[in-house]
Amino acid sequence: MEATDMDIEVTQEQILDSCSSSKRFALKNSIQTNFGDDYVFQVVPKEDWTSMAVSLSSNTVKLYSPATGQYVGECCRGEHSDSINHILFSGNILHTCSSDGTLRAWDTRSYQQVSCLNAGPSQEIFSFSFGGSSDNLLAAGCKSQILFWDRRSKKQVACLEESHMDDVTQVHFIPDQQNKLLSASIDGLICTFDTSGEINDDDHLESVINVETSIGKVGLFGGSYDKLWCLTHIETLSIWDLTESRLEANFEDARPLASNSWALDQVDYLVDCHYSAADDRLWVIGGTNGGNLGYFPVAYGGGRRSILSPEAVLHDGHTGVVRSVCMRSGMNQTQGIFGWTGGEDGRLCCWLSDDSCDVNHSWISTSLVEKHPKNRRRKRHQPY
């Protein structure tokens, strides 16, 4: 498969005009992670970018070198009996949670499991986070519950079961306030809790934000992590002041606004958001069903509410919906690897921000992967 600079690849004059201000990125590698119908859920790097974990719909996590794309090993084969919903590195330990109700830890040097926590019968775990005032807590978002374990003893220490009425899709301990936990749910609520002392719903729930629709993903940003972006399952974006629980901007028309700001296919879904602390800027990442991606600046405040023309376009790497974007460098970086993307076409794509590199051809690796039995795909949450 041939890959060229995407701005050169697009030949229609109107598309060139639309994307002329976008930074150019070249497709370096395209790795077929598996055979058959399996696809990529999430791409997560180690903090030092020496390794990259990729969760697949085969309930497996594969490890690659972010620098070369070389396949180096895998975890979880056969241990998780249902979809892997979230993965996260902590040093050399990779953590995975699943709809089978378990949260497991793997040593990525030996690819062996080193611990397993169980949320109980008929339970599912959708997200987890590490924190607490002494960095000793593990919080997990489950079916209408938030469970807490002590990381040292591996014992469950608390359960919040009155704050949410449906699946808790996101939990995040707030940086610089590690005793504060943020949760988001399909019930449309975003809650903050103080996890100091004995944790309970009555005394530790601090604030509630009602987004009024099913929440897919949230993220904290700003110099003091006092701002919140929220993506919903009906493809809307909202920006909140977390300190005051105040709505600052609501983009119910996020996809049309993004679609109107470029001349490629319409934006069909929102993948993620990216915040640059150095620039104090927020981008929403939108994608097309054909696999193209755009990094769209979000402008709000002072009477403004707009999604601007994309500052980066990732074109001709994927052939289907993109599930995960893993960005290594800032938008202003001019050389090296910009990041990796993974999607429902089963591909991992590596993008370069250095136009001078010899990246005229991408390659698809079939020798570095192994076929797994076909397994059930994870169904996306449906808004109620």
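Provided above is the structure to which this section pertains.
Residues numbered from 1 in each chain as written. Predicted model: local features only at pLDDT ≥ 70, side-chain atom pairs only at ≥ 80, totals over all residues. Heavy atoms only, no water.

## Quick notes on the overall build of the chain
Then, in step 1: The secondary structure content of the chain amounts to four helices and 29 strands.
Then, in step 2: When the 384 residues of the chain are sorted by exposure, 59% land in the buried category.
Then, in step 3: For the chain, contacts bridging at least 24 residues in sequence account for 47% of all contacts bridging at least 6.
Then, in step 4: Just so you have it, the chain exposes about 16,200 Å², and 43% of that area is on carbon and sulfur atoms. (Helix = DSSP H or I, 4+ residues; strand = E, 2+ residues; numbered from the N terminus. Buried < 20%, exposed > 50% of the residue type's maximum accessible area, 1.4 Å probe, protein only. Contact = heavy atoms within 4.5 Å. Areas by Shrake-Rupley, 256 points an atom, 1.4 Å probe, with all protein chains shown as cover.)

## A word on the nonpolar core
Then, in step 1: Residues W229, L237, I239, F251, L282 and V284 are the most contacted members of the largest nonpolar core, which totals 22 residues.
Then, in step 2: Counting residues per element, the ones that place at least two in this core are β19 (227–232), β20 (237–241), β21 (246–251), α4 (254–260), β22 (269–276), β23 (281–287) and β24 (293–301).
Then, in step 3: Once residues within four sequence positions are removed from consideration, V284 is found in contact with L231, L237, L270, D272, C273, G294, Y295, F296, V298 and I307.
Then, in step 4: Counting residues in hydrophobic clusters, the runner-up holds 17 residues, among them Y269, V322, M327 and F338. (Core = buried A, V, L, I, M, F, W, Y, C linked by side-chain atoms within 4.5 Å.)

## Considerations on the layout of surface pockets
Then, in step 1: Put simply, the second largest pocket is a space of about 240 Å³.
Then, in step 2: Considering the residues around the second largest pocket, the lining is formed by 15 residues, among which D280, R281, L282, V298 and Y300 are closest to the centre.
Then, in step 3: Residue assignment for the lining of the second largest pocket shows that the elements contributing at least two residues are β23 and β24.
Then, in step 4: Its residues placed into classes, the lining of the second largest pocket shows eight nonpolar, two polar and five charged. (1 Å grid on protein atoms, 1.4 Å probe; cavity = no way out; pocket = protein on both sides within 12 Å on 5 of 7 lines; lining within 4 Å. Points joined across faces, edges and corners; volume = space filled by probe spheres on them. Nonpolar A, V, L, I, M, F, W, Y, C, P; charged D, E, K, R; others polar.)

## What about the state of the cysteines?
Then, in step 1: As enumerated under the stated definition, the model contains zero disulfides in all.
Then, in step 2: With no disulfide partner, C75 has as its closest neighbouring cysteine sulfur the one in C76, 5.4 Å distant.
Then, in step 3: On the accessibility criterion, C75 (2% relative accessible area) is buried.
Then, in step 4: No disulfide involves C97; its sulfur sits 8.3 Å from that of C142, the nearest cysteine.
Then, in step 5: Look at C97 and you get buried, because its relative accessible area is 0%. (Disulfide = S-S within 2.5 Å.)

## Comments concerning the packing of aromatic side chains
In this description, a pair of aromatic rings is defined by centroid distance and the angle of the planes.
Then, in step 1: Under the counting rule described, the total for this entry stands at six aromatic pairs.
Then, in step 2: Between F128 and F130 the ring centres are 5.9 Å apart and the planes differ by 75°, which places this aromatic pair in the edge-to-face class. For the pair F128 and F130, one class covers both residues: buried.
Then, in step 3: An angle of 50° between the planes, with centres 5.2 Å apart, marks the rings of F221 and Y275 as tilted. Residue F221 is located in strand β18 (residues 215–221), and its partner Y275 is located in strand β22; the two are separated by 54 residues in the primary sequence. (Phe/Tyr/Trp six-rings, centres within 6.5 Å; stacked < 30°, edge-to-face > 60°.)

## Thoughts on the sheet that holds strand β6 (residues 84–90)
Then, in step 1: Read across the open sheet, the four strands follow the order β6-β7-β8-β9; overall the sheet is antiparallel. In this open sheet, the two edge strands, each paired with only one partner strand, are β6 and β9 (112–118). Strand-to-strand twist in this sheet, taken as the mean axis angle between neighbours without regard to direction, amounts to 20°. (Pairing = 2+ DSSP bridges. Axes fitted to C-alpha atoms, helices over the stretch in contact; angles between N-to-C directions.)

## Things to note about the pattern of salt bridges
Then, in step 1: Counted by the stated rule, this structure contains 14 salt bridges.
Then, in step 2: One salt bridge in this structure joins R109 and D107, with 3.0 Å as the shortest N-O distance.
Then, in step 3: Judged by relative accessible area, which is 59%, R109 ranks as exposed.
Then, in step 4: Among the ionic pairs, R152 bridges to D150, the shortest N-O distance being 3.3 Å.
Then, in step 5: Counted as one network, the salt bridges with shared partners bring together K227, D241, E244, R246 and E248. (Salt bridge = Lys/Arg side-chain N within 4 Å of Asp/Glu carboxyl O.)

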